[in-house]
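Structural overview for review
One letter stands for each residue in the lines below.
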Amino acid sequence: MSYLEPWEDKAEAERSDRVKRFVHQIKEDQRLDSLPHVLKPLPSKQTVMGKGSPHQTGDLTCYDILTRGPLYCFASHIIDIAPHVPVRGIHRHIAAPTIFCLRGKGWEMNDGVTYQFESHDMVCFAPYSVHQHGGDADVGCAMISLATRLFHSFGLMWREQHKMTEKPVFPDGTEPLYDETGKLKGYKIKRGVLGITADIEVVVGAEPKMEEVFQARKLSKPWTAPVLDTYERYLKLYDDEVQYLSRVDHVVHESREAWEWTPQGRLKWFVHPAIETGGRQVWAYLQEIPPHSRSGKHAHVAEEQLLVIEGNGYDIHDGERWNWQAGEFICIPRMTTHQHFNTGDSRVLLLCAMPSPFTDVGLGGIEQLEDAPEYPAAD
Ligand SMILES: [Fe+2]
Ligand SMILES: [Fe+2]
């Protein structure tokens with residue numbers, strides 16, 4: 001049951017907004033403080049799409065905020081594609097996460113175009129594009145989707161299934177749905193699940209209104225006229241957004257991006273405003289920490305999610321120690337001073353991400369409190 005339950009009580013919902021807000025912020029703070037900063041990965045299982053894990057810090061709905069880790073925005077999941085498995089399902093959603101290849105190699109179909117990626121490449125795709133992930137037949141691949149629940153608060157959580165994997169496994173509380181010819185057409189979520197009072201049918205295919213909106217965008221032409229007033233900036237923005245997404249690369253190749261020695265340590269950026277990609281939900285980079293060394297110490301208002309790809313060590317968050325090892329998720333709550341320490345004889349490799357909208361609201365900056373010991377150093 002969600003901790004948001006009091007809001008569902010009719011009498012309580014009538015209380016003053018100010019009272020509700022103060023009660024809620026205290027409850028959230030207590031909840032945030034009670035949750036662990038290092039999470040073991042939730043295991044993968046078969047779904048209607050293929051094999052994948054649940055979202056590591058709760059589902060993409062806002063009702064799942066602070067249910068597993070102390071992060072408000074991040075809800076990433078792992079996609080597992082073993083060699084020679086049935087082809088995965090196809091779906092579409094407005095939120096377009098960036099997907100990092102953890103191992104192996106594969107392909108990504110996006111609105112009918114197929115892109116190849118290899119280990120440690122980042123796959124970015126456009127909002128509401130039809131997509132399918134595939135692994136190399138011989139080695140397969142594993143990927144992490146850097147997804148956030150921001151789109152729920154935007155009112156844009158919409159997703160639709162276009163095709164299920166060849167051997168779908170239906171979740172608890174659901175059953176397959178067939179058309180009059182006996183062909184599988186979706187699945188039914190049964191009455192009683194999550195309190196619904198009637199069955200819900202999840203039928204494969206596009207939703208007409210969404211389809212219309214996004215098809216119209218695709219027909220947009222480059223804006224060539226002068227911008228005569230402030231309103232026209234938004235008319236031009238509509239065209240610019242479409243043109244941008246049609247020209248940018250869908251794969252940020254690890255081999256083409258440069259390592260940089262920074263005050264925080266050795267970083268390689270994949271998604272940020274100066275790299276042209278379709279991915280805009282998060283800013284993301286790799287951090288490498290040499291054996292028995294440490295990162296710089298810094299703080300930022302934005303929360304941060306890290307996946308430990310290689311190595312083991314610990315973090316210090318506002319003076320508190322949190323041990324971690326490869327495969328685990330480090331959750332850094334908003335406004336936390338933090339530093340990473342490598343306790344092993346080999347490098348630590350971290351995939352780090354912060355929600356990008358903090359930059360748009362004037363809260364994206366980083367405060368540096370201590371530099372990494374190797375900085376400055378030549379690469
Ligand atoms: Fe997807
Ligand atoms: Fe950070």
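For clarity, every value in this text was computed on a predicted model and none was experimentally measured.

Here we look at the nonpolar core
In terms of nonpolar packing, the biggest core is built from 26 residues, with F100, L102, M122, I144, L146, L286 and L351 touching the most fellow members. The set of elements that each furnish at least two residues to this core consists of β6 (98-104), β9 (122-124), β11 (141-146), β18 (265-271), β19 (282-289), β21 (304-310), β24 (329-332) and β26 (348-355). Per-element tally for this core: the top contributor is β19, with 4 residues. In contact with L351, not counting residues within four places along its chain, are F100, I144, L146, Y285, L286, Q305, L306, L307 and I309. Counting residues in each nonpolar core, the second largest holds 13 residues, with L267, L306, I330 and C352 among its members.

Re helix α2 (residues 17-34)
Taking 1.5 Å of rise per residue, the 18 residues of α2 would be expected to cover 26 Å, and the 26 Å separating its terminal C-alpha atoms lies within 8% of that figure. Those residues of α2 that fall on the buried side of the exposure criterion are K20, H24, E28 and L32. Seen along its axis, α2 keeps its buried residues to an arc of 90 degrees; they face one direction. Relative to its buried face, α2 has exposed residues pointing more than 90 degrees away, namely R18, F22, Q30, D33 and S34. Where α2 is buried, its residues contact α1 (10-13). Where α2 begins, the capping side chain belongs to S16, and its oxygen is found 3.0 Å from the backbone nitrogen of R18.

Some remarks on the packing of helix α4 (residues 208-218) against helix α5 (residues 230-247)
In contact at an axis separation of 9 Å, α4 and α5 are set at 85 degrees when each is read in the N-to-C sense. On the basis of the axis angle, α4 is roughly perpendicular to α5. Side by side, α4 and α5 meet where A216, R217 and K218 of the first sit next to Y238, E241 and V242 of the second. When its residues are assigned to classes, the contact of α4 with α5 shows 3 nonpolar, no polar and 3 charged.

Looking at the sheet that holds β24
Across the sheet, 7 strands lie side by side as β1-β24-β21-β26-β19-β18-β17; this open sheet has antiparallel pairing. Only two strands of the sheet have a single neighbouring strand rather than two, namely β1 (38-39) and β17 (260-262). When β1 meets β24, the two strands line up antiparallel, connected through 2 bridges. When the bridges of β24 are listed, L39 appears paired with F329.

Structural notes on the environment of Y72
Tracing the sequence through the fold places Y72 in the loop between β3 (51-52) and β4 (77-81). What makes Y72 buried here is its relative accessible area of 19%. The spatial distance from the C-alpha of Y72 to the C-alpha of R334 is 8.8 Å, given a sequence separation of 262 residues. For Y72, the side chain forms a polar contact with the side chain of E28, separated by 2.7 Å.

Observations concerning the environment of D59
Within the secondary structure, D59 is located in the loop between β3 and β4. With residues up to four places along the chain from it excluded, the contact list for D59 reads D64, A75 and R149. Among the polar contacts listed, one links the side chain of D59 to the backbone nitrogen of T61, at a separation of 3.1 Å.

Describing the packing of aromatic side chains
For the structure on display, the rule yields 6 aromatic pairs. Relative to F270, the ring of F100 lies with its centre 5.6 Å away and its plane at 90 degrees, an arrangement referred to as edge-to-face. On the criterion of sequence distance, the pair formed by F100 in strand β6 and F270 in strand β18 is long-range, its members being 170 residues apart. The class for F270 is buried, based on a relative accessible area of 0%. Geometrically, the ring pair formed by W269 and Y285 is tilted, given 4.5 Å between the ring centres and 45 degrees between the ring planes. Linking W269 in strand β18 with Y285 in strand β19, this pair joins segments that are 16 residues apart in sequence. Taking NZ or CZ as reference, R92 lies 3.8 Å from the ring centre of Y128, over its face.

Brief notes about the pattern of salt bridges
Under the definition given, this model contains 18 salt bridges. In this structure, K268 engages E254 in a salt bridge whose closest nitrogen and oxygen atoms are separated by 3.2 Å. One end of the pair, K268, is in strand β18; the other, E254, is in the loop between β16 (251-252) and β17, and 14 residues separate them in sequence. Because the salt bridges share partners, they merge into one network encompassing E175, K188, K190 and D199.

Some details on the sheet that holds strand β14 (residues 184-189)
The 3 strands lie next to each other as β13-β14-β15, forming an open sheet whose pairing is antiparallel. Strands with a single pairing partner mark the edges of an open sheet, and in this sheet they are β13 (174-178) and β15 (200-203). Sheet twist, expressed as the mean angle between neighbouring strand axes with direction ignored, is 30 degrees. By the bridge criterion, 5 bridges tie β13 to β14 in an arrangement that is antiparallel. What sits directly across from L177, in β14, is G186.

Observations concerning the coordination of the iron ion (ligand 2)
Those donors, H298 (NE2), H300 (NE2), E304 (OE) and H338 (NE2), are the protein atoms that reach the iron ion (ligand 2), and they lie 2.0 to 2.2 Å from it. Coordination at the iron ion (ligand 2) is irregular: its 4 donor atoms span angles of 87 to 173 degrees at the metal. Sequence spacing of the donors to the iron ion (ligand 2): H-x1-H-x3-E-x33-H. Judged by relative accessible area, which is 3%, H298 ranks as buried. On the basis of relative accessible area, H300 is assigned to the buried category, the value being 4%.

Reading guide: rules and limits
- Residues numbered from 1 in each chain as written.
- Chains lettered and ligands numbered in written order.
- Predicted model: local features only at pLDDT ≥ 70, side-chain atom pairs only at ≥ 80, totals over all residues.
- Heavy atoms only, no water.
- Core = buried A, V, L, I, M, F, W, Y, C linked by side-chain atoms within 4.5 Å.
- Buried < 20%, exposed > 50% of the residue type's maximum accessible area, 1.4 Å probe, protein only.
- Helix = DSSP H or I, 4+ residues; strand = E, 2+ residues; numbered from the N terminus.
- Contact = heavy atoms within 4.5 Å.
- Expected span 1.5 Å × (residues − 1).
- Arc of directions from axis to C-beta.
- Polar contact = N/O pair within 3.5 Å; in protein donor to acceptor, adjacent residues only side chain to side chain.
- Axes fitted to C-alpha atoms, helices over the stretch in contact; angles between N-to-C directions.
- Parallel < 35°, antiparallel > 145°, perpendicular 65-115°, else oblique.
- Nonpolar A, V, L, I, M, F, W, Y, C, P; charged D, E, K, R; others polar.
- Pairing = 2+ DSSP bridges.
- Phe/Tyr/Trp six-rings, centres within 6.5 Å; stacked < 30°, edge-to-face > 60°.
- Lys NZ or Arg CZ within 6 Å of the ring centre and 35° of its normal.
- Salt bridge = Lys/Arg side-chain N within 4 Å of Asp/Glu carboxyl O.
- Donors = N, O, S within 2.8 Å, 3.2 Å for Na, K, Ca; no water.
- Tetrahedral: all angles 85-135°; square planar, octahedral: opposite > 155°, others 65-115°.

Function-wise, these values are silent; they only describe arrangement.
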